[in-house]
Structures are given as C-alpha cells and as structure tokens.
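Coordinates in review
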Amino acid sequence: MAWRFIALRVLTGQILDWDVPLTLTSAPTRQLSGPGGMTGHIEPEYARLIAADGRPLLQEWDTAVFAEIEGQIRGGGLIVKCMPENGKWVIECAGYTAYPHGLPYEGLIQSGMLITPPDPNAGLDKNHDGYIDFTDPPRSVQVPPPPPPYCGPRIDAYDAVRELWAHLQSYDNGHLGLAVDQHKADIFLGADDGSDPYELAWWDTPDSGTAIDNIFLQHNLDYLEEHVWSTATGNDRTIVHRLRLGAPRLGRKRDDLRFADGENISATATPRAMGEDFANEVMVLGRGEGATKTRLQLARPDGRLRRVHVVVDKAATNEAALRARGNRELQSRTQAIYVPMLEVRDHPNAPIGSWSPGDDILVQTHVPWVGDIQVWHRITADELRTDGTAVLTLKRSDALG
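Residues numbered from 1 in each chain as written. Predicted model: local features only at pLDDT ≥ 70, side-chain atom pairs only at ≥ 80, totals over all residues. Heavy atoms only, no water.

Next up on the list: the nonpolar core. Counting residues in each nonpolar core, the largest one holds 41 residues, and the members touching the most others are Val65, Phe259, Leu342 and Trp355. The leading source of residues in this core is strand β22 (residues 371–384), at 4 residues. Ranked by size, the runner-up nonpolar core spans 36 residues in total, among them Leu168, Leu178, Trp229 and Leu245. (Core = buried A, V, L, I, M, F, W, Y, C linked by side-chain atoms within 4.5 Å. Buried < 20%, exposed > 50% of the residue type's maximum accessible area, 1.4 Å probe, protein only. Helix = DSSP H or I, 4+ residues; strand = E, 2+ residues; numbered from the N terminus.)

Spelled out as structure tokens, the structure:
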C-alpha cells in the first residue's frame, strides 16, 4: 500500500508539503463519535523548516497532517502536540472533532423552556375577593384563572450541534472549514411539557466539546468525521472536511463482507464475556445533591444472581434521560461473548478500507472452551497499518441497541 503524509495550514487549507517524511508510531485511527488521530516522528532538521508563508511548517494548533493511502485520505488531523524527544521530533494528531474541547460556548441555546404567559387580569382584584373590581352590579364577574404555563419551542438535537460548530467556526481564527451535515435528528432537546428544559448559556461557561458529546451520548446518536480530496486535480486539489451525522446511527449491516478465521482474520484479542462487567440491574443517578438527586433503577431478571451497576450521569435530569442511559447500560452488560478487537489482512472478502466505523460485520472465529462462534459486531474504530493489515475495535451489535 502506497502511503504519504500531507501537511496543510488549518485556517487556510493551503497544502504546505505533499510528502512529509513521517514515521508512524501509532497508525491512523478513525473513531465512531470521536476524533481519531495518529502519532509519529520525523527528523528534527525537517521540523525546523519554514513554510512559504514564513511560519513554521509543523506547529501545534496550526498545521494538520493527513495520511493518504492509495489516493484516499484515511486519517490524521490537527497537530495537538509537537516536541523534541530522544533526538526525534514527535507529533501527535487528533481529528478535527477534538477542537471544541476546552473552548467555551459563548452563545445561548434554549429548548423546551417553561413559559408562563402574563395574566391579562392581574391587578383587577385589588381587594382579593375573587371578583373584578368596580363591576356593576358589584361582585358579578369572577376573576378568570391565569393562563397556564406551556412549553416553549424545542430545538432538534442536530440543530444544536450545528449551532455549536457554527459558533466555534464564526471566529476568524477558529474556522476549520468543517462542513456539518444538514439533516435533522427528529429528536428534540428538553421535555415536551417544559418540566426539564435544555439550556446552554454563556454565563455558565459550558465546554463546547462536552456539550456536543452529551447530545450524542444521551440520545444514542452517531457522528463520524471525514476528510476527502476535492474534485480538483493535481496540486490544485484541497482536502474537504465533513462531519457526517447519523440518522440517527451511521453504518449498515455488511452482508457483502466476510470476516473469518483462516481467510482474512490474522489475530483476535481475547474474546470477552461480561465477567465482572455483567449486571442485570442498573441504578442511574442524575442531577441533584443528596436526597434531591434524580434516580432510576432498571432490572432484567434472567435467572442469575442479582448484580447492580451504578451509573452517575449529571446531565440526565428527567426520567426519559435516565431510562435511556439505563437501558444502554443494561443492554451492554447482559450480553454474551464478543471479540473486542480483530486484526484483518487485505482480502477479497473484505478489502482494506471497504468498511466504515459504524458498520455491522459478522465475525466468524473460534473461541477456546466455547467453540466456533458467529456473532454480529459493530465497528467502533479502525486502525489502518502500513503493512496492509487493519485493526478493528468492536462491540456486539446487540449490546449497542
């Protein structure tokens, strides 16, 4: 496989070097609902080079490096760490979705706020006898009850994600050129009765990255960042950056691919059962302190001894959020054996790069003391190596809901 590493200036998108002499220490990784990245090192003399714009060629939070394999961008991202170490210049790259972490959101998002309309009859009963004053005859018109509170507008989860990214990229020195998918999640933030509004306000200095992650986590949504070549040719090409949003999940069931021992599986991590992670009951603790803390317990009796797992999620403020988190935990902790990691080689059954994080694949392998298994797994991350192999990080498909 022909590899090369391409450096570009993040804010301008300008290609600085078409072939950085990078030696990988960890291969490019793509991560479902995470930034992915890679690490490597180069010669110090090269690291001190100055680019055509007069600035250092490789610089933290300024340069991005991407791995191209046989003409396709397969990983890389922002240089977040760049330093000399043991006579080499070490760089660490993280995907563009690492950028929001540590940056405050300085706007205001409100969804499902409880609105109390003004009472048109306020002040018309100054003697508090229940009747409107100065009527003829007196005490003939009762004061109507005030209008009830109601739930205000609610925001689609993906609209909130787009607002956060738009805010971050609205600054001249914050525009990564990352395009965010425009479809809706059809999931709305905040309770529909106004009992649990969603609010992200600048005066609370919320972390943008945490806010984005919480939306995806609490509503079981997926994202995946992509970096591809533009349609231009030669040295006029640029790298286009996109944030793919699930609808609500990404990936598909890959009946067209085969992963089997003796064919393209070259190694497996030790298959795992739940073991100490097993639980058939979950207690979810949400927002609040002491006796006011929100709490929900969910159980799936299955004939085995009761095992309880406690989850603390301060972002869960209502029963729906607590139940969603609890169901995810139960689903992941009551399943049978699975293969957490798989090394595969390039093969016609599943050519390297033919899958994507989020896809479901059927793993056919032999497990000592168990026998041959065929279990559907979901790819949560992949790592493409220079030797023509790939490592897939997996979860049982039925453990993810």
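Now that the structure has been shown, we can carry on.
In this section: the sheet that holds strand β14 (residues 239–245). The 3 strands lie next to each other as β11-β14-β13, forming an open sheet whose pairing is mixed. What marks the edges here is a single partner per strand, and that holds for β11 (178–180) and β13 (223–229). On average, each strand axis in the sheet is tilted by 25° relative to the strand beside it, whichever way the strands run. In the sheet, β13 pairs with β14 via 7 bridges, with the strands oriented antiparallel. By the bridge assignment for β14, Glu225 is matched with Leu243. Where helix α2 (residues 157–169) meets the sheet, it contacts β11 and β14, and its direction lies at approximately 160° from that of β11. (Pairing = 2+ DSSP bridges. Axes fitted to C-alpha atoms, helices over the stretch in contact; angles between N-to-C directions. Contact = heavy atoms within 4.5 Å.)

Counting buried residues in strand β4 (residues 37–42) gives 5 out of 6 residues, a clear majority hidden from the surface. Relative to β4, strand β3 (residues 23–31) runs antiparallel, the two sharing 4 bridges. Among the inter-strand pairings, Thr29 is bridged to a residue of β4, identified as Gly37. Turn length for the β3-β4 hairpin, with the two strands adjacent in sequence and antiparallel, is 5 residues, and the turn residue Ser33 shows positive phi of about 55°. Looking at chain direction, β4 and strand β7 (residues 88–94) are connected through 6 bridges and run antiparallel. Across the sheet, the residue bridging to Gly37 is Ala94, located in β7.

Now for the pattern of salt bridges. Should their charged atoms come close, side chains of opposite charge can pair. Scanning the model with the defined rule gives 22 salt bridges in all. Glu226 is the partner of Arg244 in a salt bridge, and the nearest nitrogen-oxygen pair spans 3.1 Å. A residue pair is termed long-range when its members are at least 10 positions apart, and Arg244 in strand β14 and Glu226 in strand β13 qualify at 18 residues. Overlapping salt bridges, with partners in common, bring together Arg9, Asp53, Arg55 and Asp62 in one network. (Salt bridge = Lys/Arg side-chain N within 4 Å of Asp/Glu carboxyl O.)

Let's shift gears to the pairing of β14. Burial along β14 is one-sided: Ile239, His241, Leu243 and Leu245 are buried, while Val240, Arg242 and Arg244, pointing the other way, are not. As defined by bridge partners, β11 adjoins β14 across 3 bridges and the pair is classed as parallel. For Leu178, the partnering residue across the bridge sits in β14 and is His241.

A word on the sheet that holds strand β18 (residues 295–299). The 3 strands lie next to each other as β18-β17-β19, forming an open sheet whose pairing is mixed. Among the strands making up the open sheet, the edge pair consists of β18 and β19 (308–312). Geometrically, the sheet is characterised by an average inter-axis angle of 15° between neighbouring strands, direction not taken into account. Direction of pairing for strand β17 (residues 281–285) relative to β18: antiparallel, over a ladder of 5 bridges. Residue pairing across strands places Val282 opposite Leu298, the latter belonging to β18.

On to a nonpolar patch on the surface. Residues Leu108, Trp202 and Trp203 make up a contiguous nonpolar surface patch of roughly 360 Å² in combined accessible area. Checked against the element boundaries, Trp202 lands in the loop between β12 (198–201) and α3 (208–218). (Patch = residues over 30% accessible without salt bridge, like charges linked within 9 Å, V, L, I, M, F, W, Y side chains within 5 Å. Areas by Shrake-Rupley, 256 points an atom, 1.4 Å probe, with all protein chains shown as cover.)

As a further point, take α3. Among all positions of α3, only Ser208, Gly209, Ala211, Ile212, Ile215 and Phe216 are buried. Where α3 is buried, its residues touch α2, β12, β13 and β14. By the N-cap criterion, in which a side-chain oxygen at the helix start approaches the backbone nitrogen of a residue two or three places on, α3 is capped by Asp207, the distance to Gly209 being 3.1 Å. Of the residues flanking the end of α3, it is Asn220, one or two places downstream, whose phi is positive at about 55°. (Polar contact = N/O pair within 3.5 Å; in protein donor to acceptor, adjacent residues only side chain to side chain.)

Further remarks concern unusual backbone geometry. Backbone geometry follows two general trends: most residues other than glycine have a negative phi, and most peptide bonds adopt the trans configuration. The omega torsion across Asp136 and Pro137 is 0°, close enough to zero to call that bond cis. The residue Pro137 is located in the loop between β9 (114–115) and β10 (150–151) in this model. In this chain, Ala247 is followed by Pro248 through a cis amide linkage whose omega measures 0°. Topologically, Pro248 is positioned in the loop between β14 and β15 (259–260).

On to the side chain of Asp133. Among the secondary structure elements, Asp133 is positioned in the loop between β9 and β10. Within the buried set, Asp133 has no salt-bridge partner at all; the shortest N-O distance to an opposite charge, 5.9 Å, is to Lys126. Once you skip the residues sitting within four places of it in the chain, Asp133 turns out to touch Leu124, Asp125, Lys126 and Asn127. (Lys, Arg positive; Asp, Glu negative; His and termini not counted.)

Attention now goes to the packing of aromatic side chains. Each aromatic ring pair is described using two quantities: the centre-to-centre distance and the angle formed by the ring planes. Overall, the coordinates contain 7 aromatic pairs when judged by the stated rule. Between Trp202 and Trp203, the ring centres sit 5.5 Å apart and the planes meet at 80°, which makes this aromatic pair edge-to-face. Arranged with centres 4.8 Å apart and planes meeting at 65°, the rings of Phe216 and Tyr223 form a pair that is edge-to-face. Accessibility assignment for this pair places Phe216 and Tyr223 in one class, buried. Feature note: the residues Tyr158, Phe216 and Tyr223 constitute an aromatic cluster, connected by ring pairs. When the ring centre of Trp229 is taken as reference, the NZ or CZ atom of Arg237 above it lies at 4.0 Å. (Phe/Tyr/Trp six-rings, centres within 6.5 Å; stacked < 30°, edge-to-face > 60°. Lys NZ or Arg CZ within 6 Å of the ring centre and 35° of its normal.)

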